[in-house]
Amino acid sequence: MDDESSTIEAFEELKTRSLGASDVAQIAAGTGLAVYAMWVGILQPGFRRVPLKLQVPYIPASTSQVRNVMTLLKGRKGSIVDLGSGDGRIVLEAYRHGFTPAVGFELNPWLVYLSRFKAWRTGHHEKVSYRREDFWKVDLSKCKNITVFLAPSVLSLLQKKLLAELPHDALSLKPSPDIVSLQPPHA
Ligand SMILES: C[S@@+](CC[C@H](N)C(=O)[O-])C[C@H]1O[C@@H](n2cnc3c(N)ncnc32)[C@H](O)[C@@H]1O
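First, a word on scope: everything that follows refers to the structure included in this document. Since the structure is predicted, the reported quantities are computational estimates derived from the model, not experimental observations. (Residues numbered from 1 in each chain as written. Predicted model: local features only at pLDDT ≥ 70, side-chain atom pairs only at ≥ 80, totals over all residues.)

1. Brief notes about the site of the ligand
What counts here: Should the C-beta atom of a residue, placed from the backbone, lie within 6 Å of a molecule or strand, that residue is near it. Throughout, the ten residues Ala, Val, Leu, Ile, Met, Phe, Trp, Tyr, Cys and Pro are labelled nonpolar, Asp, Glu, Lys and Arg are labelled charged, and all others, Gly among them, are labelled polar.
Looking at the ligand, there are 22 residues lining it, with Tyr58, Ala61, Gly84, Gly86 and Phe149 nearest. Across the shell around the ligand, the residue classes break down as 14 nonpolar, four polar and four charged.

Structure (structure tokens):
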């Protein structure tokens, strides 16, 4: 039997064979391993020093959420900071709306690289900055405008940090229509 016909036969056998328990187990293990590899290699690297309860996965803001934030920022100016900036979309859009300096803090190095690439591709790389830093450790006392799109479980803790550090005229926004908070922290 030549190579070609044996390959065809192998495929035929695969097509007609029903999956047994060990096949299912192998597929499950393979999928689990792939997901784990993606988590460890791409999504998790920045989180090694962040307590589990403070870890927030990457979920990008939708176009309408970004638009919503820009609408809420209308009439304001000055610096802007996105805490957990993901791929940098809010920072970039805020810069386009006149906010400067526009800074994103993001732990995941891949997302920081992606943000910088997107800024470079749109010609704004010298205007915005993305820092690979844990925002819990960043001093926010000079920030005028803050955006956050994080898990609700983290927001109450973050509220404490914002109240303690932000200047009285700062505004912090969360980009979901239902949880927008205009927060003059010391009011
Ligand atoms: C829900 S995503 C939001 C991304 C982006 N702000 C947007 O609206 O598209 C939250 C991001 O926060 C980042 N993050 C979570 N905890 C962080 C921390 N302590 N310091 C910096 N970044 C953090 C995550 O890696 C993730 O990319």
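2. So, the pairing of strand 1 (residues 80-83)
Short version of the rule: Think of it as a crowd count around each C-beta: if 20 or more other C-beta atoms lie within 10 Å the residue is buried, if 12 or fewer it is exposed, and in between it is partly exposed, with C-beta placed from the backbone throughout. Under the DSSP-based scheme used, a helix requires at least four consecutive residues in state H or I and a strand at least two consecutive residues in state E, with every element numbered from the N terminus. Pairing between two strands requires that DSSP report at least two bridges joining them. For crossovers, right-handed means that the path from the first strand over the helix to the second runs clockwise, given strands pointing away from the viewer.
Side chains Ile80 and Asp82 project from strand 1 onto one buried face, and the interleaved Val81 and Leu83 project onto a second face that is buried too. Relative to strand 2 (residues 102-105), strand 1 is paired through four bridges, and the arrangement is parallel. Bridge assignment links Asp82 to a residue of strand 2, and that residue is Gly104. In this fold, strand 1 hands off to helix 4 (residues 89-96), which returns the chain to strand 2; that crossover is right-handed. Pairing geometry for strand 1 and strand 4 (residues 145-148), over four bridges, is parallel. Of the residues in strand 4, the one forming a bridge with Asp82 is Thr147.

3. Quick word on the packing of helix 3 (residues 63-72) against helix 4
To keep things clear, this is the line we draw: Here the axes come from fitting lines to C-alpha atoms, over the contacting stretch only for helices, and the angles between their N-to-C directions go from 0 to 180 degrees. Here is the rule for angles: anything less than 35 degrees is roughly parallel, anything more than 145 is roughly antiparallel, 65 through 115 is roughly perpendicular, and the remaining ranges are oblique. For any pair of crossing helices, the crossing counts as left-handed if the nearer helix is rotated counterclockwise from the farther one by less than a right angle, and right-handed if it is rotated clockwise. Contacts are defined on C-beta atoms placed from the backbone: any two residues whose C-beta positions lie within 7 Å are in contact.
At a minimum axis separation of 10 Å, helix 3 and helix 4 run at an interaxial angle of 40 degrees. Classified by the angle between their axes, helix 3 and helix 4 sit oblique to one another. Along this stretch, helix 3 crosses helix 4, giving a crossing that reads as right-handed. Note on element contacts: helix 4 touches helix 3 through Arg89, Ile90 and Glu93, opposite Val66, Val69 and Met70. Broken down by class, the residue content of the contact of helix 3 with helix 4 amounts to four nonpolar, no polar and two charged.

4. Re the environment of Val154
Locating Val154 in the fold gives a position in helix 6 (residues 152-165). Its 17 C-beta neighbours within 10 Å are what place Val154 among the partly exposed residues. Sequence separation between Val154 and Lys53 is 101 residues, and the spatial gap between their C-alpha atoms is 7.8 Å. Discounting residues that sit within four places of it in the chain, Val154 has contacts with Leu54 and Val56.

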